[in-house]
Amino acid sequence: MNAVFKGYLRLARPANLPTAMADILAGSAIAGAYGSSFDFSSIGPDIPLKLVFLIASSVCLYAAGVVLNDVFDAKIDRKERPERPIPSGLVSVKAASFYGLSLLLAGILLAFWVNVLCGTLAVILALAIVLYDSFSKKYAFLGPINMGICRGLNLLLGMGIFGTLIHWSYAGIPLVYIAAITLISRGEVHGNNKRHIILAGVLYAIVILAVMVLAFQNTSNMLEVIPFLTLFAILVYGPLWRAYQNNSPGNIKQAVISGVLALIVLDAAIAVGFSNLLLAGLIVLLLPLSMLLSKLFAVT
């Protein structure tokens, strides 16, 4: 593979992109896009195409976020992560900026093709992404909240497939969850973040409880939700405990990676409450894809 081309791929964090797809599938499930089967005839033949556009929009917006993050961090990365594409000289700051902004615009246009609500949500998400990359990530409280808002908006993007929003309170789940992961990542370079790890563990528990409560209140598939939440808990708490016991940058990084990839299983737990085991299973299949890509490309 051409080194420069691989540099552009690395900037987009391919291993993370299936998690953006999972958000859209979960959000559209909440909106009622699937029911008990994948027969779209009762809700319109254009739904599969709209799903494709929303998934593409979400992937573009997510990729734009991580690309622009590296653009804004170029000076810091020259000291802390000199192997990354920009500080290593594979991709210039100017080229990466154009790349990130192009992805951002593509994500917005794809969302507007679906409907005005999705387009508007994409614009708000794009602004939140730029705010995080350029400003809020520097602050201990504002950064995690901003990142969580981005992920909540991504779930809402999927929920907007019919041009309206129902059960919008579900957007609070990824907000809390991603805020927890962002807290953990504070020690990824230097370690020594046990307080953040404890807080993240509490936030994880809140997320699990919230999914159970909302599933009980809004769905009839509570029993199907529990196995996915159990798998989710195993995936996130194991690495988190190891990072607490040995608070090294390596263990912290692994806890962050596990947290990011486990979002796919969390999305499956949310989706199964509003759809079926087949859809949830398909979402979970994105996890081995992410894990495979994580062997080839950095997650954080």
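My aim in this report is to walk through the structure given alongside it, one point at a time. (Residues numbered from 1 in each chain as written. Predicted model: local features only at pLDDT ≥ 70, side-chain atom pairs only at ≥ 80, totals over all residues. Heavy atoms only, no water.)

**A few points about the packing of helix 2 (residues 17-31) against helix 11 (residues 249-274)**
Step number 1: Helix 11 packs onto helix 2 with a crossing angle of 15 degrees between their chain directions and a minimal axis gap of 8 Å. With respect to helix 11, the element helix 2 is oriented roughly parallel. Read as a crossing pair, helix 2 and helix 11 show a hand that is left-handed. From helix 2, Pro18, Thr19, Ala22, Asp23, Ala26, Ala29 and Ile30 reach across to helix 11, where they touch Val260, Leu261, Leu263, Ile264, Asp267, Ile270, Ala271 and Phe274.
Step number 2: Each residue belonging to the contact of helix 2 with helix 11 can be placed in one class, and the counts come to 12 nonpolar, one polar and two charged. (Axes fitted to C-alpha atoms, helices over the stretch in contact; angles between N-to-C directions. Helix = DSSP H or I, 4+ residues; strand = E, 2+ residues; numbered from the N terminus. Parallel < 35°, antiparallel > 145°, perpendicular 65-115°, else oblique. Left-handed = near helix turned anticlockwise from the far one by under 90°. Contact = heavy atoms within 4.5 Å. Nonpolar A, V, L, I, M, F, W, Y, C, P; charged D, E, K, R; others polar.)

**Notes on the pattern of salt bridges**
Step number 1: On inspection of all chains with the given rule, the structure shows eight salt bridges.
Step number 2: Of the charged contacts in the structure, one is a salt bridge between Asp73 and Lys137, with a shortest N-O distance of 2.7 Å. Note that Asp73 is positioned in the loop between helix 3 (47-72) and helix 4 (74-80) and Lys137 in the loop between helix 6 (116-134) and helix 7 (142-159), a separation of 64 residues in sequence. The exposure classification of Asp73 matches that of Lys137, with both residues buried. (Salt bridge = Lys/Arg side-chain N within 4 Å of Asp/Glu carboxyl O. Buried < 20%, exposed > 50% of the residue type's maximum accessible area, 1.4 Å probe, protein only.)

**Quick notes on the nonpolar core**
Step number 1: Residues Leu61, Leu157, Tyr177 and Leu266 are the most contacted members of the largest nonpolar core, which totals 98 residues.
Step number 2: In terms of residue count, helix 11 provides more of this core than any other element does, 17 residues in total. (Core = buried A, V, L, I, M, F, W, Y, C linked by side-chain atoms within 4.5 Å.)

**What to know about unusual backbone geometry**
Among all residues save glycine, negative phi is the norm, and among peptide bonds the norm is trans.
Step number 1: A positive phi angle is found at Arg13, which is not glycine, with a value near 50 degrees.
Step number 2: By secondary structure assignment, the location of Arg13 is in the loop between helix 1 (3-11) and helix 2.
Step number 3: Residue classification places Arg13 among the buried residues on the basis of a relative accessible area of 5%.
Step number 4: Phi at His167 is positive, roughly 50 degrees, even though this residue is not glycine.
Step number 5: With respect to the secondary-structure elements, His167 resides in the loop between helix 7 and helix 8 (172-184).

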